[in-house]
Amino acid sequence: MAVLDTFGLLKRKKAVRRPDLATQWQLMWWKFKQHRLAMVGMALLGLFGLCVLFAEAISPYAPGERDTKYVTGSPMMPHFFDAEGNFHLRPFVYARKAERDLVTLRMKSTVDTSQHWEIEFFVRGSPYKLFGLIPMDIHLFGTREGFIHLFGTDFTGLDLFSRTIHACRASLGVAFVGVVISFLLGAAIGGAAGYFGGTLDNIVMRVIEFIRSIPTLPLWLALAAALPREWGALATYLAVTIILSLLGWTWLARTVRSKLLATRHEDFVLAARLSGCSDYRIIRRHLLPSFLSYLIVDTSIAFPEILLAETSLSFLGLGLREPVESWGVLLFAAQSIRSVDQAPWLMIPGIFVIVAVLAFNFVGDGLRDAADPYSR
Amino acid sequence: MIAYLARRLVYMVFTLLAVSVVSFLIVQSAPGDFAEIYAARKAAAGAIISQAEIENLRVSLGLDQPWHIQYWRWISNIVLHNDWGTSWEWKRPVGEVIWERMPLTLGIAFSTLFFMYAISIPVGIYSAVRRYSIGDHAVSIVGYLGLATPNFLLALVLMYLTQKYFGQSVGGLFSPKFQNEPWSWAKLVDLLQHLAVPVIVLGMSGTAFLIRAMRAAVLDELDKMYVLSAKASGLSPMKLLVRYPVRMALNPIASTLGWRLTYVISGAPIVGYVMALPDTGPLFLHSLLDQDMLLAGALIFIYCALTIIGTLVSDLLLVALDPRIRLE
Amino acid sequence: MNAPQPVLDVVDLSIALGQDGARIPITEDVSFSIARGEVLALVGESGSGKSITALALMQLLSRSLFIAKGRIQLRAVDGFEADIAALGRDGKAIEAIRGARMGMIFQEPMSSFSPIHTIGAQIAEVVEIHERVSRQVARARAAELLAKVGIPDPKGALDRYPSEFSGGMRQRAMIARALICSPSLLIADEPTTALDVTIQGQILDLLRKLQHEFGMAILFITHDLGIVAQMADRVAIMYAGRIVESGPVGEMFRQPAHPYTRALLAAVPRLGDLDQRRKIKPIAGSVPNIFDAPSGCRFHPRCPVADPARCASQLPPVHARGAHAVACIHGKTELPA
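Now for a look at the structure at hand. (Residues numbered from 1 in each chain as written. Chains lettered and ligands numbered in written order. Predicted model: local features only at pLDDT ≥ 70, side-chain atom pairs only at ≥ 80, totals over all residues.)

### Structural notes on the overall build of chain B
A count of helices and strands for chain B gives 14 helices and 2 strands. Dimensions of chain B, computed from C-alpha atoms along their principal axes, come out at roughly 85 × 55 × 35 Å. Considering chain B as a whole, with its 328 residues, one finds that 38% of them fall into the buried category. In chain B, 72% of the contacts between residues at least 6 apart in sequence involve partners at least 24 apart. (Helix = DSSP H or I, 4+ residues; strand = E, 2+ residues; numbered from the N terminus. Buried ≥ 20, exposed ≤ 12 C-beta atoms within 10 Å, placed from the backbone. Contact = placed C-beta atoms within 7 Å.)

Structural data, given as structure tokens:
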């Protein structure tokens, strides 16, 4: 009902809002919608979702495809206007020519503004399997002649754009699985502490305080460093995910516990009990709605934290490793100031990290506001 | 009050104990023990070491004992003899290696803390009072970015930019020309310039967080009944703001000092590593990568101990600020 | 000679809530006046707009509320005169009135003091702001006032924190804070609602005693008719943002003219009810909320004597006889002669 009515109100934009009649979820949706940044965050997350699903189709090259003609190449900007100022409906990139530098004797490429490589959409390229099932070879964009490396290439000629798009999977995947694990841990441990109370509650609270009072990143680093080197990429992937979620559950556990303790003795719960509600109904209709929103908020906060931790770990070479690709793994190539100086575009995956974290923070903020719809 | 302090102190001792166990377990968790790694290193260097020699080494180091006896030996040596073991990467006592670099780590950590609070308190108040103004929006945009940017990336970008546009080396603590100079005013300025980047990098996310916390705390207090009743007594807006909401909002901010220190200590190794500072950061990461576990364990222990002491200090600060706790 | 002019004249005061550019009226055309040394009780159910009216009198409305129209003429005993509605929320002019010429005590003595400052500092502060005296003098005055409101060991109490005081003691301290600059008008917004019944009586006694001593006027806001009978000289009844009836307490209680006032009085339990088998009559329905206030007379959907043809479409006419006024179509016949 509430959902239907919510959308009804969406259409009747001019309708006067009646906070006195609205359901809690309605109020929360209104509040969330008011938070423009949160809506932007949702849109960005949607884009990331597309990248995760259709990485192969969006990227013009396979992540392992080396372009020997364009090694350590700088990003290629798409243009609509050529050097003479003429407008082209179809965007293009300027051609690159490989030359040997007469001083350093290294190959380097120069921009040739006289020649355009036109960008085409839905072109055929290297074959792949969509969702790992459907064989396809259509790519969102590409060029018929020459090549296109929007973000440039690394020291071995890999296309940074394709790799960054593919890296969405590992980066967001680790964060997602990590959040799910810490959510379960937090809900179970916090729930047990809040429900049973007493000694268990005391112990859990002390452990949480302890974990919070120690610097987690060095601990993560040390745990990750302790992983056996001979483990495969997948095993390391799983282990890193578990390590990250191991220390991220404390916030959630605390929220669950305190909300459980607080609401158990609330008048409205007592009133529900007195009017003959079953325990199940009390939990489902009264307790859960009163703190579910807080759980969602805490989860949205844990997400960027885990994402950032994974990126830092991988950047230092202690987290995920090739051939698994995450934004942190890609940034590993930009570890020294020397490589950054030579190829500053290697830092581009970092922008993706920032945007992803921003999007989650925006959504989290919107949720936090919405979770308390009666506040200002 | 005294009971509270006593409780805090006892709690701190127990936490330190727990931390030392965790640090030791991490030392232990590395694959292979010291004797094996030692043998492998020797073998790599061309020397041949027999299984019997490894066993001998193991017995002489007590590595054949169960972990709790080893732990006891490790912690009692630290506490009683200030003996942290030997780093075989550096071939020197761990304590010596650490203490030569610790002052810089501490210096950066405390400068960062100071920087964070000095910036965030006034900016947070401004943002709360001028809510939804252009300034408030600007602050929150910068704040969002600060929270979202990983430390190391910010360090890389700042280093890249300063190198590119100012032609200044940012790694390390001194410009090359001051490296071996005696102390002078110019050298001090040079040091501060070099310290600024790591302090900003380390303090960025913490500052952003504190600004938001301060803003929220002030906004929270602004709606309180006592603010209205003080206003009804004729206080001017400025006096009202400083005397009541701001003063109240400082309590939760001060109480997070311990956590902020935890964050700073947490981020310091990576920033130190990326910026090649001669502090404990690179030391820590190299010890992890090379599995120099005695050194790594000692550093984890010290990092944790620092934050635990920081938490105690912030608790004491809160007691000083808030009579409600004092009276309990 | 004319009688001295009233301390406070409120004329057609309307307060509105601004939301998404829309204007939702909270109170409309509220008018009343308070003479020197008089106690006026403003009575209404929660949500009737009485507390908001009190806040508006000192320009203390929250940001989303504003005075849409009307005059709030203050004539303080020291000769100071101003239209508070025209002063604006901030600035020296209104600050010089707050705490000095008008004092206010609030419903929640528990939260009306900052928990981290001493009681003494928070009371002495008021004197320091308004009278430019030294801290020593201000503290001495604060101790004097604390003694007057009946706080034992007033000197020692100066350095105690609010959490060390009981609710009743805090309300006494609050009264001391409101009265320390001898204001011409004290606004008391349900000052006893949050207190135990025995403490309530003590605080009311104290207020009456202090009123005799200081000679200030009191605007007493309450929903408790028992307190009104005990405290007030005159009473104004508010319903859904409008004053429906006002007059001297005795006459209003004996011969209420407005159906709402009658219903209110019938809903109050009295001693002796059991003997006389009188039944308490609750008022049917509930106070309308601000988002859909009924048209015409706000009370007509709950009114037993409403004339649907007239009451729903037009504002009820105001009839007055002497000091007794009522806004009702039956006003003329119902007013006592």
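### Some remarks on the nonpolar core
Among the nonpolar cores identified, the biggest contains 258 residues, and A:Trp220, A:Ala222, C:Leu40, C:Ala41, C:Leu185, C:Leu219 and C:Phe220 are the most heavily contacted of them. Looking at this core, the element that brings in the most residues is helix H13 (residues 348-371) of chain A, giving 13 residues. Other than its neighbours up to four places away in sequence, C:Leu40 contacts C:Phe32, C:Ile34, C:Leu219, C:Phe220, C:Ala232, C:Arg234 and C:Ala236. (Core = buried A, V, L, I, M, F, W, Y, C linked by C-beta atoms within 7 Å.)

### Some details on the interface of chain A and chain B
Listed by partner, the interface residues are 32 residues for chain A and 38 residues for chain B. Breaking the side of chain A that touches chain B down by element, the ones donating at least two residues are helix H5 (198-213), helix H6 (216-225), helix H10 (279-315), helix H12 (337-342) and H13 of chain A. Considering every element that reaches the side of chain A that touches chain B, the biggest residue donor is H6(A), with 8 residues. Of the residues assigned to the side of chain A that touches chain B, the class counts are 25 nonpolar, 6 polar and 1 charged. (Nonpolar A, V, L, I, M, F, W, Y, C, P; charged D, E, K, R; others polar.)

### Focus: unusual backbone geometry
Residues and elements named next belong to chain C. Of note, the phi angle at Glu190 is positive, near 45°, even though the residue is not glycine. Among the structural elements, Glu190 can be located in the loop between strand E7 (185-189) and helix H7 (197-214). Overall, Glu190 belongs to the buried group, with 20 C-beta atoms counted inside 10 Å. Even without a glycine there, the phi angle at Ala240 is positive, about 50°. Along the chain, Ala240 falls in the loop between strand E9 (234-239) and strand E10 (242-248).

### Here we look at the pairing of strand E6 (residues 102-105) of chain C
All names here are of chain C. Burial of the side chains of E6 extends over both faces: Met102 and Met104 are buried on one face and Gly103 and Ile105 on the other. Taken together, the 4 bridges between E6 and E7 define a ladder with parallel strand orientation. Note on E7: the bridge partner recorded for Gly103 is Leu186. (Pairing = 2+ DSSP bridges.)

### Observations concerning the pairing of strand E3 (residues 39-43) of chain C
Residue and element names in this part refer to chain C. Burial analysis of E3 places 5 of its 5 residues in the buried class, the great majority of the element. By the bridge criterion, 5 bridges tie E3 to strand E8 (residues 217-222) in an arrangement that is parallel. The residue of E8 that forms the bridge with Leu42 is Ile221. Where E3 lies against E9, 4 bridges are found, and the strand directions are parallel. Looking at E9, one finds that Leu42 is bridged to Ala236.

### Here's the deal with the sheet that holds E10(C)
Note on sheets: strands pair through backbone hydrogen bonds, and any given pair is parallel or antiparallel. All names here are of chain C. Overall, mixed pairing links the 8 strands, which are arranged E6-E7-E8-E3-E9-E10-E12-E11 in an open sheet. Each edge of the open sheet is held by one strand with a lone partner, namely E6 and strand E11 (318-321). Mean inter-strand twist for the sheet, computed between neighbouring axes without regard to direction, equals 15°. With respect to the sheet, helix H6 (residues 167-179) is in contact with E6 and E7, its orientation differing from that of E6 by roughly 165°. (Axes fitted to C-alpha atoms, helices over the stretch in contact; angles between N-to-C directions.)

### Examining the packing of helix H7 (residues 151-166) of chain B against helix H11 (residues 257-274) of chain B
All names here are of chain B. Contact pair H7 / H11: the axes reach a minimum separation of 9 Å and the direction vectors enclose 30°. It follows that H7 is roughly parallel to H11 by the angle criterion. For the element pair H7 and H11, the recorded crossing hand is right-handed. Of the residues in H11, those in contact with Asn151, Phe152, Ala155 and Leu156 of H7 are Gly267, Ile270, Val271 and Val274. (Parallel < 35°, antiparallel > 145°, perpendicular 65-115°, else oblique. Left-handed = near helix turned anticlockwise from the far one by under 90°.)

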